Number of protein chains: 4
Amino acid sequence: MAQDTYTKRLWLEEDLADDLKWSMLVKKVLYSGKSEYQEVDLIDVGPFGKTLFLDGKVQSSEVDEWVYHELLVHPAMVMHPNPKTIFICGGGEGATAREVLRHKSVEKVVMVDIDKVVCDFCHAHLEKNKAAFESSRLELINDDARTQLEAYPGKFDVIIGDLADPLDGGPCYQLYTQDFYQNVVLPKLNPGGIFITQSGPAGFLSCTEVFTCINATLRSVFPSVLPYAQHMPVFCDVWGWNMALTDASQAELSAEEMDRRLAERVQGSMGFLDGHTFKGLCHLNKVVRKCLEEEQQVYTADCGRFIHGKGQAAKPAENGSQQ
Amino acid sequence: MAQDTYTKRLWLEEDLADDLKWSMLVKKVLYSGKSEYQEVDLIDVGPFGKTLFLDGKVQSSEVDEWVYHELLVHPAMVMHPNPKTIFICGGGEGATAREVLRHKSVEKVVMVDIDKVVCDFCHAHLEKNKAAFESSRLELINDDARTQLEAYPGKFDVIIGDLADPLDGGPCYQLYTQDFYQNVVLPKLNPGGIFITQSGPAGFLSCTEVFTCINATLRSVFPSVLPYAQHMPVFCDVWGWNMALTDASQAELSAEEMDRRLAERVQGSMGFLDGHTFKGLCHLNKVVRKCLEEEQQVYTADCGRFIHGKGQAAKPAENGSQQ
Amino acid sequence: MAQDTYTKRLWLEEDLADDLKWSMLVKKVLYSGKSEYQEVDLIDVGPFGKTLFLDGKVQSSEVDEWVYHELLVHPAMVMHPNPKTIFICGGGEGATAREVLRHKSVEKVVMVDIDKVVCDFCHAHLEKNKAAFESSRLELINDDARTQLEAYPGKFDVIIGDLADPLDGGPCYQLYTQDFYQNVVLPKLNPGGIFITQSGPAGFLSCTEVFTCINATLRSVFPSVLPYAQHMPVFCDVWGWNMALTDASQAELSAEEMDRRLAERVQGSMGFLDGHTFKGLCHLNKVVRKCLEEEQQVYTADCGRFIHGKGQAAKPAENGSQQ
Amino acid sequence: MAQDTYTKRLWLEEDLADDLKWSMLVKKVLYSGKSEYQEVDLIDVGPFGKTLFLDGKVQSSEVDEWVYHELLVHPAMVMHPNPKTIFICGGGEGATAREVLRHKSVEKVVMVDIDKVVCDFCHAHLEKNKAAFESSRLELINDDARTQLEAYPGKFDVIIGDLADPLDGGPCYQLYTQDFYQNVVLPKLNPGGIFITQSGPAGFLSCTEVFTCINATLRSVFPSVLPYAQHMPVFCDVWGWNMALTDASQAELSAEEMDRRLAERVQGSMGFLDGHTFKGLCHLNKVVRKCLEEEQQVYTADCGRFIHGKGQAAKPAENGSQQ
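Computed from a predicted structure; not experimentally measured. Each chain carries its own residue numbering, running from 1 in the written order of its sequence. Just so you know, chain letters begin at A and ligand numbers begin at 1, following the order they were written in. It should be noted that, the model being predicted, local features are given only for residues of pLDDT at least 70 and side-chain atom pairs only at 80 or more, the latter also being counted only at that level, while totals for whole chains, interfaces and linings use all residues. Side-chain metrics in this entry use all non-hydrogen atoms of the structure; hydrogen atoms and water are not considered.

**Q** Would you mind going over the pattern of salt bridges with me for this structure?
**A** Close approach of charged atoms lets side chains of opposite charge pair. All names here are of chain C. For this document, the term salt bridge refers to a Lys or Arg side-chain nitrogen within 4 Å of an Asp or Glu carboxyl oxygen. Taken as a whole and assessed by the stated rule, the structure comprises 76 salt bridges over all chains. Between Lys128 and Glu65 there is a salt bridge, with the nearest N and O atoms lying 3.0 Å from each other. Remark: Glu65 occurs in helix H2 (residues 65–79) and Lys128 occurs in the loop between helix H4 (116–125) and helix H5 (130–133); sequence separation between them is 63 residues. A salt bridge links Arg261 to Glu257; the nearest nitrogen and oxygen atoms lie 2.9 Å apart. Helix and strand labels come from DSSP, where a helix needs a run of H or I of at least four residues and a strand needs a run of E of at least two; each type is numbered from the N terminus.

**Q** What should I look at first to understand the relation of the copies chain B and chain A in this one?
**A** Relating one copy of the chain to the other requires a rotation about an axis plus a shift along that axis. Overlaying chain B with chain A gives an RMSD of 0.0 Å, the required rotation being 180° about an axis along which the chain moves by 0.0 Å. A rotation of that kind, with that shift, is consistent with a two-fold axis. Contacts are residue-level and defined by heavy atoms, with any inter-residue pair within 4.5 Å sufficient. When the interface residues of chain B are mapped onto chain A, 100% of them are again interface residues, pointing to one common binding face. To line up the copies, we fit them by least squares on C-alpha atoms, keeping just the residues with pLDDT of at least 70 in both.

**Q** Even after reading the chapter, I still don't get the relation of the copies chain D and chain C, so can you show me in this structure?
**A** Each copy of the sequence occupies a distinct position, and chain D is placed on chain C by a rotation of 180° and an axial shift of 0.0 Å, giving an RMSD of 0.0 Å. A shared interface surface links the copies, since 100% of the contact residues of chain D are contact residues in chain C too.

**Q** Please clarify how the interface of chain D and chain C should be interpreted in this entry.
**A** With 45 residues of chain D at the contact, the number on the chain C side is 45 residues. Here's the idea: put two parts together, see how much 1.4 Å probe accessible area each one loses, and the total over both is what we call buried area. Between chain D and chain C lies a buried interface of about 3,700 Å² when both sides are counted; carbon and sulfur atoms form 67% of it. Viewed at the interface, chain C and chain D are joined by four salt bridges. Between Asp274 of chain D and Arg289 of chain C there is a salt bridge, with its nearest N and O atoms 2.6 Å apart. Definition of a polar contact: a pair of N or O atoms within 3.5 Å, with one able to donate and the other able to accept a hydrogen when the atoms are protein atoms, and with sequence-neighbouring residues admitted only if both atoms are side-chain atoms. For the interface between chain D and chain C, the tally reads 14 residue pairs in polar contact (both at pLDDT 80 or more). Sorting the residues of the side of chain D that touches chain C by element identifies strand E1 (10–17), strand E2 (20–34), helix H2 (65–79), strand E11 (224–232), strand E12 (237–245), helix H10 (275–282) and helix H11 (286–294) of chain D as the ones contributing at least two each. Take the side of chain D that touches chain C: its biggest share by element is seven residues, from E2 of chain D.

**Q** Would you mind going over the packing of H2 of chain C against helix H9 (residues 255–265) of chain C with me for this structure?
**A** Helix packing for two helices is described by the angle between their axes and how far apart those axes are. Residues and elements named next belong to chain C. Axes, fitted as lines to C-alpha atoms, cover a helix only where it is in contact. Angles between the N-to-C directions of the axes lie from 0 to 180 degrees. The interhelical angle for the contact between H2 and H9, taken along N-to-C directions, is 100°, at an axis separation of 10 Å. Judged by the inter-axis angle, H2 sits roughly perpendicular to H9. On H9, the residues that touch His74, Pro75, Met77, Val78 and Met79 of H2 are Met258, Arg261, Leu262 and Arg265. For this classification, Asp, Glu, Lys and Arg are treated as charged, while Ala, Val, Leu, Ile, Met, Phe, Trp, Tyr, Cys and Pro are nonpolar and the rest, including Gly, are polar. A breakdown of the residues in the contact of H2 with H9 according to their chemical character gives six nonpolar, one polar and two charged. Throughout, the term roughly parallel applies to angles under 35 degrees, roughly antiparallel to angles over 145, roughly perpendicular to angles from 65 to 115, and oblique to all others.

**Q** How do you make sense of the interface of chain B and chain A when you look at a structure like this?
**A** The parts lose accessible area when they come together, and the size of an interface is often stated as this lost area. With 45 residues of chain B at the interface, the matching set in chain A holds 45 residues. Taking both sides of the interface into account, the surface hidden between chain B and chain A amounts to around 3,700 Å²; carbon and sulfur atoms contribute 67%. The interface formed by chain B and chain A contains four salt bridges. In this structure, the salt-bridge partner of Asp19 of chain A is Lys27 of chain B, at a minimum N-O distance of 3.1 Å. Where chain B packs against chain A, one counts 14 residue pairs in polar contact (both at pLDDT 80 or more). Where the side of chain B that touches chain A is concerned, the elements lending two or more residues are strand E1 (10–17), strand E2 (20–34), helix H2 (65–79), strand E11 (224–232), strand E12 (237–245), helix H10 (275–282) and helix H11 (286–294) of chain B. Sort the elements by how many residues they give to the side of chain B that touches chain A and E2 of chain B lands first, with seven residues. When the residues that make up the side of chain B that touches chain A are grouped by side-chain class, the tally is 24 nonpolar, 11 polar and 10 charged. In this scheme, strands are said to pair when DSSP sees at least two bridges between them. The pairing of strand E2 (residues 20–34) of chain A with E2 of chain B spans five bridges and is antiparallel. If you follow Trp22 of chain A over to E2 of chain B, its bridge partner there is Trp22 of chain B.

**Q** Whenever I open this one, the packing of aromatic side chains confuses me. Can you help?
**A** Remark: the centre distance and the inter-plane angle together describe each pair of aromatic rings, the angle taken between the planes. In this analysis, rings of Phe, Tyr and Trp, with Trp reduced to its six-membered ring, are considered paired at centre separations within 6.5 Å, and the interplanar angle assigns stacked below 30 degrees, edge-to-face beyond 60, and tilted for intermediate values. Summed over all chains, the structure comprises 64 aromatic pairs over all chains. For the pair Trp66 of chain A and Phe204 of chain B, a centre-to-centre distance of 6.0 Å together with 75° between the ring planes defines the contact as edge-to-face. With Trp66 of chain A in helix H2 (residues 65–79) and Phe204 of chain B in the loop between strand E10 (189–201) and helix H8 (211–219), this pair bridges two chains. Of the residues examined, Trp66 of chain A reaches a relative accessible area of 23% and is grouped as partly exposed. Through a chain of ring-to-ring contacts, three or more aromatic side chains come together here, namely Tyr68, Tyr228, Phe235, Trp239, Trp241 and Phe278 of chain A. Criterion for a charge above a ring: Lys NZ or Arg CZ within 6 Å of the ring centre, and within 35 degrees of the ring normal. Across from the ring centre of Trp11 of chain A, 4.2 Å away, lies the NZ or CZ of Lys21 of chain B, which sits over that ring. Residue exposure (1.4 Å probe, protein chains only): buried if accessible area is under 20% of the type maximum, exposed if over 50%, otherwise partly exposed.

As structure tokens, this is what we get:
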């Protein structure tokens, strides 16, 4: 029993839905901070180890953050023929930059996260990401990602969205809209450029919360969009990503070629990802595929669909503005 | 907020590990019973709807039991060329029989579950499974599955293991051993017969609890074993199955042929499964594949590996008795 | 451990304050009902036994309801020289009537509770109160207590307030106001009549929530008010009562005379109350006495002070309208 | 709602019984330490403010420790005609010494607590007790209280037991036995000396756990024992003390004389205690008085009665009151 080892029963309770919550045993509150935007905590919890929380919500944990970040970064990086310049929207934790910088081809990473306190906190306390924060190839800017991406000189080979889910009234919502993709992201991609974004829960019960809508929004702008998904224990659900390609032919990468490029281009080996694994992640099940096909809504500046709780039925689509 | 609707905050709390628990809001305790083996409850909970509990542990829920049972039953049934006789070890809930009976080829289903109270409870209260319990093609026996399988006249085309996980000292452990597979299951399969069993958690953090060991045990007996996995929300993890074939060539089924057979042989359509989906489920990720390859232990009558809690490290393998 | 006995861990969670909650293990949900006003449940919980809940809030439990009701009913009844006619505001549970009816002098009890469903539920399911509901001396009316008390022919010797605490916007608030006491209760009391009301939490940390204000309100109307308090386990606090006497001299009852009257007038013996005990309950501590003395606010129709949560500081008194 | 202010929902969960637990919202983990005996934590929680925990169990909280310590220290101190030398068994928190040192008559306080880490921790972090730890009148010894009391030169006017409850196998049990009282405490008291000990839960449901048995044990040794009780919010129960007098006539102190002595002898004023309050605390209710009268068991070295959980029925007495 846990009580034998941890006599103090301190539980971190998180709502998974209005009618479902879970509680992780707190082993040690390691560091706590507070920015103008949010509370930041690094807590050693339950079966997840050192876990980063923003406002009490899990961001990433020791046991599975490496899976999340391998899947966010490397598929897009290896589908691109030769990625040199990378832009990260968000990513203040530093792990996305860490994975990007493993690619030998990368010359420049621009990372724009609004919250300096979170960046400083993660730089100071997340040992695995320390080198990335201190890399000469990284430029870290604390500002709004849209403003900086629009203004930044030149274009990028890969743009990565490592942001919180599009919440009602949340600061990240505008970074998931058709307008942002059409008028900011697409123009700032070099020819053959790739955009990849985390896309929220993608389980057969939860995929219509935001995953299918992000997919539909991207499909309304890009010629090719590749959705994929993997269970993330700390998020207590299957998680989704959407990769948007300006050159649809790049998505035709064989498992063997993916393995070859990973071996050739990346320092160190992958823990979770290889070509065979990625093929599996792209084989979405019948329910999720149907939801993707039937999704009618795109995120526009004034008409969103939001995560309120996983169990909640998504709002009916109010318009069908695909182009 | 849930409180607005359900002013009474009754939570069903379940340990997911020693240091992780979750709580489902109870909307209504529908039925409660008690057998000599366990408590049986049907409770409308949290985001999962009507959920069956044995001794307070989730067995299956309205929102995802159909996924579990499609994946347990239909892949094996369609890989077999013409399944007529089926034996179910366990399965007292009735849903496995329900799915089996959808196959037009099926002439006889023998279902052996030790707990008559559970069977009667599910027959009475699970509307979706009522017709299965009352089918003239079903023979329901309340006894030990091994005893009955050994004694039953004739052989079977498909044998299905729908049992609780192999728990230390639990009644089901003997039904996961090499001895049972070698000396009972294999001899009772017709030529070309298939054995399929649920196999516990199969996530990249949890697959060594029992999944890899069940796989290794089956590989020590059968010429071909096909493992696959899918996230099950109500179990808060990825779940695994292992299919063992006496004729390895049957596993070479294309997605298209699977779709064709499902359409041709089964009454009604699938909600979750199709050929494309199944290909994805069989593409296990790098971590799980490595654990399967490295697994050295088989379940023997006196040397098991048990689920104590998901977060716990599996016991080191004590021998490597593959043949 | 509880888990050994109750393998199903169903917890009823109740907020004691915004930052303090407790959870009682549910042994059995006995009966559930729903009126137009509230949910009614009888649940066998934790250490409290059969417990009545309205909208998930504890009303009374097997282990201590008898203490609550002895203290609500008998002190006022024995201070009165010869109580024959009794009016109960609220009391739908039936236990207040049960205690009143133990007094041989009582000829008529009028009980007015707004919620017929609760009364019927308690009549049907609370074995100890069944005889009271069926007594020929009881007249039960389901209506607003003020309306009925005003309209009821004649006057009463003892009027008992057995109502929910005065909650913001709650239906009971009007039955705690100066106007109600002055213009309804006082005129309906016979000479020498006594009014007694439950008065919410009366601990040294919680007494200013409503207890001191109810006391001040009664003091603004009656010549003598006697406050007393006792810890009630199921309410997780010390609980308070205020007795208002039209004849102040009746409060001068010695412990010995109280014991004598209890023995003489009441059927059966008391479990908790005797003269010595009651003297103790009336010896309020220094903190509570000071809060009573300093209380400036009375409940008027439009200016209340409400329980929002025990830990919350009471609103500052906005006026001091004693007369 | 608490979530608005404390977005991180960290709950400290404490079992009140096997089937009742409560959870305090953690506002800040202030300090954590670990001795060879126990974990020590100072945590700002729920409605209780800065709260000291040993092994996750509440020891004392900002909102009510002053009540506990006034009631432990001052009644005995003022019943004694002129207390100069004081011995404290336990008391590592420092608050008992703090209250003792307020008495101008006190020349010497010997405090013996086994756990140096706890003493150092409280000295460093409990601002209110800092001056006491640094008083020239205090001698602090970290050792077993019995050993030190036996060996200490001279006798004492007042001996105070500020120890954990007598738990099965716990280190404090021996300090509640007849043998300890008879052979160590009594011989070390000056003529007219007084012994006072905290005595665990004393509610009408909980008083037989240890309170009545400590009382019976003291009655078997001392000519006069005065039990009293007060609700302590942070312990979620009524708490009890037993005062044992070598001179029974000292217990005949009037409320007025107590007030006079408190004013005359003690620096500063009392927050909770005065003569009227104390009279109330000594008026135990009918249930508790009956349990005290009927208690047959005394704590001997090899026959104890222990707190396992408040809801649990006390073990039947196995023998009658040794003298």
